[in-house]
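So you can see what is in the structure, the chains are spelled out below.
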Amino acid sequence: MSIAVVGSNMVDLISYIDRMPAEGETVEAPNFTMGCGGKGANQAVACSRLGSNVTMVTRVGNDIFAENTIRNFQDNGIDTTHVLTTEATSGVAPIFVDPDSKNSIIIVKGANAHLSPQDVDNAREEIAKCSLIVLQLEIELETVYSTIELGNELGIPVLVNPAPASPELRLDKIRGAEFVVPNETELSLLSGMPVDDMDDVLKAAQVLLNVGIRNVIVTLGRKGAVWVHEGGSTYVDGRAVDAVDTTGAGDAFIGCFSHYWVETGDIEYAMRMARLYASDSVTRHGTQTSYATGEDFRGRLA
Ligand code: ADP
């Protein structure tokens, strides 16, 4: 069971501050932590911890963050043959969190913006051995589109997570995806329709099906997720938990969905496992640090 994740990696630089600085002001942060993130890397880590063989296709910079990111992939059992080095800074995300958990985030794409269609094509031999390609939008859209084409050419299904929401994403360019997995905000932007209730979700998902996308899976936060397809829709309800930190919940869902779909080919089952895995992750702080290993996760289900 192999999965190729083509996407981003970031180093989160989190300062816990007493209050946001005003313009021109310097404030002291009593605490600081560094963590591995980026949507591509998060999804790869979730798949790999659950037991999939994961190949990561990404670019890191030529700085001190790169070594940390590569070590993190390796510690999580991810194949780093196609983790390429770039004469640029690594992707970083300086994050400021105040005592009310309000945050300000700056995303520096850095090396991620250099991941090219050619880089992905150079990994075609590895990708050809995989059962699924997983994509998000923290890399250039040209690379997203060409990777979908490569998947179609090789006969390998492609999952597109259209996050972060991008007004430039062209629906006709992702029609070759087997799965598109947005949250409600991303679905609204993609379909050009308001998404306020389940009726809206179904109508907006239909816009995606109309261009030829086969399966639309919409994550609904604590309400769970719904799968919309030609034959109808299947709703998987949420699981009530004491949520302490929902960052990275969508990535946990996608990583887990991908793992179980590749293992079983059963979309509804993979969604049920994914909502359990994602709802478990929100009970702990952090992004990758909140993702359970397969052993822990299955132990908790038993
Ligand atoms: P994103 O993080 O991309 O915005 P969602 O907020 O839709 O994605 O969350 C993805 C999945 O995580 C949901 O389908 C659900 O299974 C789980 N989840 C998210 N927030 C909660 C919550 N507060 N309680 C329980 N599960 C949650």
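Refer to the structure presented above.
Our subject in this report is the structure included herewith. (Residues numbered from 1 in each chain as written. Predicted model: local features only at pLDDT ≥ 70, side-chain atom pairs only at ≥ 80, totals over all residues. Heavy atoms only, no water.)

### Thoughts on the pairing of strand E8 (residues 132-135)
So, point 1. Of the two faces of E8, the one holding Leu-132 and Val-134 and the one holding Ile-133 and Leu-135 are both buried throughout.
So, point 2. As paired elements, strand E1 (residues 2-6) and E8 share four bridges and run parallel to each other. Across the sheet, residue Val-6 finds its bridge partner in E8, namely Leu-135.
So, point 3. The pairing of E8 with strand E9 (residues 158-160) spans three bridges and is parallel. Within the sheet, the bridge partner assigned to Ile-133 lies in E9 and is Val-158.
So, point 4. Each parallel crossover has a hand, and for E8 linked through helix H5 (residues 141-154) to E9 it is right-handed. (Buried < 20%, exposed > 50% of the residue type's maximum accessible area, 1.4 Å probe, protein only. Helix = DSSP H or I, 4+ residues; strand = E, 2+ residues; numbered from the N terminus. Pairing = 2+ DSSP bridges. Right-handed = clockwise from strand over helix to strand, strands pointing away.)

### Re the nonpolar core
So, point 1. If you look at the biggest cluster of nonpolar residues, it comprises 43 residues, and the most contacted ones within it are Ile-217, Phe-253, Phe-257, Met-271, Tyr-277 and Phe-297.
So, point 2. The set of elements that each furnish at least two residues to this core consists of E1, helix H1 (39-50), strand E4 (53-60), helix H2 (64-75), E8, strand E12 (224-229), helix H8 (249-264) and helix H9 (267-281).
So, point 3. Excluding residues that lie within four positions of it along the chain, Tyr-277 makes contacts with Ala-46, Arg-49, Leu-50, Ala-252, Cys-256, Tyr-291, Ala-292 and Phe-297.
So, point 4. Grouped together as the second largest cluster of nonpolar side chains are 39 residues, Leu-115, Ala-123, Leu-190 and Ile-213 included. (Core = buried A, V, L, I, M, F, W, Y, C linked by side-chain atoms within 4.5 Å. Contact = heavy atoms within 4.5 Å.)

### Here's the deal with the sheet that holds strand E3 (residues 31-37)
So, point 1. Pairing in this open sheet of four strands is mixed, and the strands run E3-E2-E6-E7 from one edge to the other. Lying at the two open borders of the sheet, with one neighbouring strand each, are E3 and strand E7 (103-105). Neighbouring strand axes in the sheet, compared pairwise and without regard to direction, differ in orientation by 20° on average.
So, point 2. Relative to E7, strand E6 (residues 92-97) is paired through three bridges, and the arrangement is antiparallel. Among the inter-strand pairings, Phe-96 is bridged to a residue of E7, identified as Ser-104.
So, point 3. Running over the sheet, H2 touches strand E2 (10-16), E3 and E6 and is turned about 60° from E3. (Axes fitted to C-alpha atoms, helices over the stretch in contact; angles between N-to-C directions.)

### Let's talk about the environment of Val-236
So, point 1. Counting through the fold element by element, Val-236 comes out in strand E13 (residues 232-237).
So, point 2. Judged by its relative accessible area of 0%, Val-236 falls in the buried class.
So, point 3. Residues Val-236 and Ala-41 lie 195 residues apart in sequence; the distance between their C-alpha atoms is 26 Å.
So, point 4. In contact with Val-236, other than residues within four places in its own chain, are Lys-223, Gly-224, Ala-225, Met-271, Arg-272 and Arg-275.

### Comments concerning the site of the ligand
So, point 1. Neighbouring residues of the ligand: 16 residues in total, closest Asn-183, Thr-219, Gly-221, Gly-224 and Gly-250.
So, point 2. Contacts to the ligand include Gly-224, whose backbone N or O atom sits 2.9 Å from an oxygen atom.
So, point 3. At a separation of 3.0 Å, an oxygen atom of the ligand approaches a polar backbone atom of Gly-250.
So, point 4. Its free accessible area being 550 Å², the ligand has 81% of it covered by the protein chains. (Near = heavy atom within 4 Å. Polar contact = N/O pair within 3.5 Å; in protein donor to acceptor, adjacent residues only side chain to side chain. Areas by Shrake-Rupley, 256 points an atom, 1.4 Å probe, with all protein chains shown as cover.)

### Comments concerning H2
So, point 1. Compared with an ideal rise of 1.5 Å per residue, which puts twelve residues at 16 Å, H2 spans 17 Å between its outermost C-alpha atoms and is within 8% of the ideal.
So, point 2. What H2 keeps buried is the set Phe-65, Ala-66, Thr-69, Asn-72 and Phe-73. Buried residues of H2 fall within an arc of 130° about the axis and therefore sit on the same side. Exposed residues on H2 whose side chains face more than 90 degrees from its buried face are Ile-64, Glu-67 and Asp-75.
So, point 3. Turning to H2, the residues buried within the fold contact E2, E3, H1, E4, strand E5 (83-85) and E6.
So, point 4. Gly-77 sits one or two residues past H2 and shows a positive phi near 75°. (Expected span 1.5 Å × (residues − 1). Arc of directions from axis to C-beta.)

### Some words on the sheet that holds E8
So, point 1. Pairing is mixed in the open sheet, where nine strands are placed in the order E5-E4-E1-E8-E9-E10-E11-E12-E13. Strands with a single pairing partner mark the edges of an open sheet, and in this sheet they are E5 and E13.
So, point 2. Here H2 sits on the sheet and contacts E4 and E5; the angle it forms with E4, its principal contact strand, is near 175°.
So, point 3. Lying on the sheet, H9 is in contact with strand E10 (179-180), strand E11 (215-219), E12 and E13; it crosses E13 at an angle near 25°.

### Some remarks on the pattern of salt bridges
So, point 1. Under the defined criterion, the tally for this structure stands at 15 salt bridges.
So, point 2. A salt bridge links Glu-184 to Lys-223, with the nearest nitrogen and oxygen atoms 3.3 Å apart. Of this pair, Glu-184 sits in helix H6 (residues 184-191) while Lys-223 sits in the loop between E11 and E12, and the two are 39 residues apart along the sequence.
So, point 3. Measuring nitrogen to oxygen at the nearest pair gives 2.8 Å for the salt bridge that ties Arg-275 to Asp-237. Highlighted residues: Arg-275 in helix H9 and Asp-237 in strand E13, separated in sequence by 38 residues.
So, point 4. Linked by salt bridges that have partners in common, Asp-121, Arg-124 and Glu-153 make up one network. (Salt bridge = Lys/Arg side-chain N within 4 Å of Asp/Glu carboxyl O.)

### Remarks on the environment of Leu-84
So, point 1. By the element assignment, Leu-84 lies in strand E5.
So, point 2. Residues Leu-84 and Val-144 lie 60 residues apart in sequence; the distance between their C-alpha atoms is 17 Å.
So, point 3. When residues no more than four places from it in sequence are discounted, the contact partners of Leu-84 are Thr-58, Arg-59, Val-60 and Asp-119.

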